[in-house]
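Here is how the chains run, residue by residue.
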Amino acid sequence: MATRPDSAWLTPHRLMATSIAVAVLTLGFKTLAWWLTGSVGLLSDALESLVNVAGATFGLWMVTVAARPADEDHPFGHDKAEYFSSGFEGILIIVAALAIVWAALPRFWHPQPLQQLGPGLALSVLSAVLNGALGWIMLRASRRHRSMALEGDARHLITDVWTSAGVVLGLLLVMATGWHWVDPAVAIVMALNILYEGGQLIWRSTQGLMDAAVEPEVQAQVDAVVGRFVQAQAATPGLRVDHAMSRRAGQRLFLSVHLHLPADWSLRRAAALGGELERALLAALPQLHVSVQLLPLDTEPAGVPAVAEEDACTP
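If you're wondering where the values come from, they're calculated on a predicted model, not measured in any experiment.

## Comments concerning the nonpolar core
In step 1: Judged by nonpolar contacts, the single largest core of 22 residues is most densely connected at Val226, Phe229, Val241, Leu261, Leu277, Leu281 and Leu288.
In step 2: With six residues, the single largest contributor to this core is helix H7 (residues 216-232).
In step 3: Apart from the residues within four sequence positions on either side, phenylalanine 229 is in contact with Val241, Leu259, Leu273, Glu276 and Leu277.
In step 4: Of all hydrophobic cores here, the second largest spans 15 residues; its members include Leu10, Ala56, Leu60 and Leu134.

## Here's the deal with the pairing of strand E2 (residues 252-261)
In the case of a regular strand, side chains alternate between the two sheet surfaces.
In step 1: Where burial is concerned, most of E2 is hidden: nine out of the ten residues are buried.
In step 2: Sheet analysis places E2 next to strand E3 (residues 288-296), joined by nine bridges and oriented parallel. Paired with histidine 258 across the two strands is glutamine 293, which belongs to E3.
In step 3: Taken together, E2, helix H8 (residues 267-284) and E3 form a β-α-β motif whose crossover is right-handed.

## Notes on the packing of helix H1 (residues 12-37) against helix H2 (residues 40-66)
In step 1: Following both chains from N to C, one finds H1 and H2 inclined at 165°, their axes separated by 8 Å at the closest point. Comparing their axes, H2 and H1 come out roughly antiparallel. The handedness of the crossing between H1 and H2 comes out as left-handed.

## Points about the environment of valine 292
In step 1: If you trace the backbone, valine 292 turns up in strand E3.
In step 2: Classification of valine 292 by relative accessible area gives partly exposed; the value is 22%.
In step 3: A C-alpha to C-alpha distance of 9.4 Å links valine 292 and alanine 244, two positions 48 residues apart in sequence.
In step 4: Leaving out residues up to four positions away in the same chain, valine 292 has contacts with Val257, Leu259, Gly274, Leu277 and Glu278.

## A word on the environment of isoleucine 94
In step 1: Along the chain, the position of isoleucine 94 falls in helix H3 (residues 81-109).
In step 2: Look at isoleucine 94 and you get partly exposed, because its relative accessible area is 23%.
In step 3: With 108 residues separating them along the chain, isoleucine 94 and isoleucine 202 place their C-alpha atoms 9.9 Å apart.
In step 4: Among all residues touching isoleucine 94, those that are not within four sequence positions of it are Leu195, Gly198, Gly199 and Ile202.

## Looking at H7
In step 1: With 17 residues, H7 should reach 24 Å at 1.5 Å per residue; the first-to-last C-alpha distance of 24 Å fits that figure.
In step 2: Every buried residue belonging to H7 is among Val218, Val222, Val225, Val226, Phe229 and Val230, and all of these are buried. Around the axis of H7, the buried residues are gathered within 135° of arc, so they sit on the same side. Away from its buried face, by an angle of more than 90 degrees, H7 presents the exposed residues Pro216, Arg228 and Gln231.

## Structural notes on unusual backbone geometry
In step 1: If you check the backbone angles, histidine 243 has positive phi at about 50° while not being a glycine.
In step 2: Relative to the helices and strands, histidine 243 is located in strand E1 (residues 240-249).

## A look at H2
Residues three or four positions apart in an α-helix share a direction because the helix packs 3.6 residues into each turn.
In step 1: The end-to-end C-alpha distance of H2 is 38 Å, a good match for the 39 Å that 27 residues give at a rise of 1.5 Å each.
In step 2: Counted residue by residue, H2 has 21 buried out of 27 residues, so it is predominantly covered.
In step 3: Between the side-chain oxygen at the start of H2 and the backbone nitrogen of leucine 42 there is a gap of 3.1 Å, and the oxygen is on serine 39.

## Observations concerning the packing of H7 against H8
In step 1: Across the interface, H7 lies against H8 with an axial gap of 10 Å and an inter-helix angle of 140°. Every pair of crossing elements has a handedness; the one defined by H7 and H8 is right-handed. Seen from H7, the contacting residues are Gln221, Val222, Val225, Val226 and Phe229; seen from H8, they are Leu273, Glu276, Leu277, Ala280, Leu281 and Ala284.
In step 2: Of the residues belonging to the contact of H7 with H8, the class tally is nine nonpolar, one polar and one charged.

Thresholds, definitions, all that
Residues numbered from 1 in each chain as written. Predicted model: local features only at pLDDT ≥ 70, side-chain atom pairs only at ≥ 80, totals over all residues. Heavy atoms only, no water. Core = buried A, V, L, I, M, F, W, Y, C linked by side-chain atoms within 4.5 Å. Buried < 20%, exposed > 50% of the residue type's maximum accessible area, 1.4 Å probe, protein only. Helix = DSSP H or I, 4+ residues; strand = E, 2+ residues; numbered from the N terminus. Contact = heavy atoms within 4.5 Å. Pairing = 2+ DSSP bridges. Right-handed = clockwise from strand over helix to strand, strands pointing away. Axes fitted to C-alpha atoms, helices over the stretch in contact; angles between N-to-C directions. Parallel < 35°, antiparallel > 145°, perpendicular 65-115°, else oblique. Left-handed = near helix turned anticlockwise from the far one by under 90°. Expected span 1.5 Å × (residues − 1). Arc of directions from axis to C-beta. Polar contact = N/O pair within 3.5 Å; in protein donor to acceptor, adjacent residues only side chain to side chain. Nonpolar A, V, L, I, M, F, W, Y, C, P; charged D, E, K, R; others polar.

Just distances and angles here, no functional claims.
Okay, here's the thing in structure tokens:
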């Protein structure tokens, strides 16, 4: 199968490094736009770009940690480091939202005229284009790499685009009507939007840290493979596969299953059949880390309830 042209270099590490560079550039643009206009809406946009710089820097660190191979202290790898990145960025987003509200509220009581809106709007639009393009690329790459760090940063960049769009529309309305209170109103609305996005990022990162099961479509693939395996062993009376438990850790998937076999089988024969099941699962899901526990038909591990016949895979 041919490799996609963008897959060779669009790695999580390179994309996070690119995100830092773009965040620094857009922070400069938006800070200049705020300085030229005095708009609290543009100030809110600049504050969010400051969060982008901090979040992308931390994300690059976590992606680097997650790429480390398993070692003696971390036998299951370091993949969960990416969830810390997503959670950290979510917290930063919430802090930025609160700072935006704090800066915008006084403008309701003391409106101020805005200056040089043309150059300020141009800089804001340019920043939005850069963030939107990078966010779209990173979101696609996050799905391919199953990277929470990339997804968190991509969603933040896309949120930043909507924030910039709202600020630009608000400033155009100020130019058209002379209603200076629109500027802080838009800033507060954008703050509420990014507050919601920050909460979503924190929620998703906590779910990953708590060993959530794999996605339903992945579980369906596992069930299909197990079902075909059991049907192929129809000559072995009573054979069953049950207690399939899965979890995701960053880009890695873990699955453990119980394979029940006749008690009079030799260990060599049982291990050979367990190996067949493992290879069948890996052929369908190469990123899977499989653990097959071999058990006699009438035995369950201590503390594990028996599975009802209709819930187990039997030939």
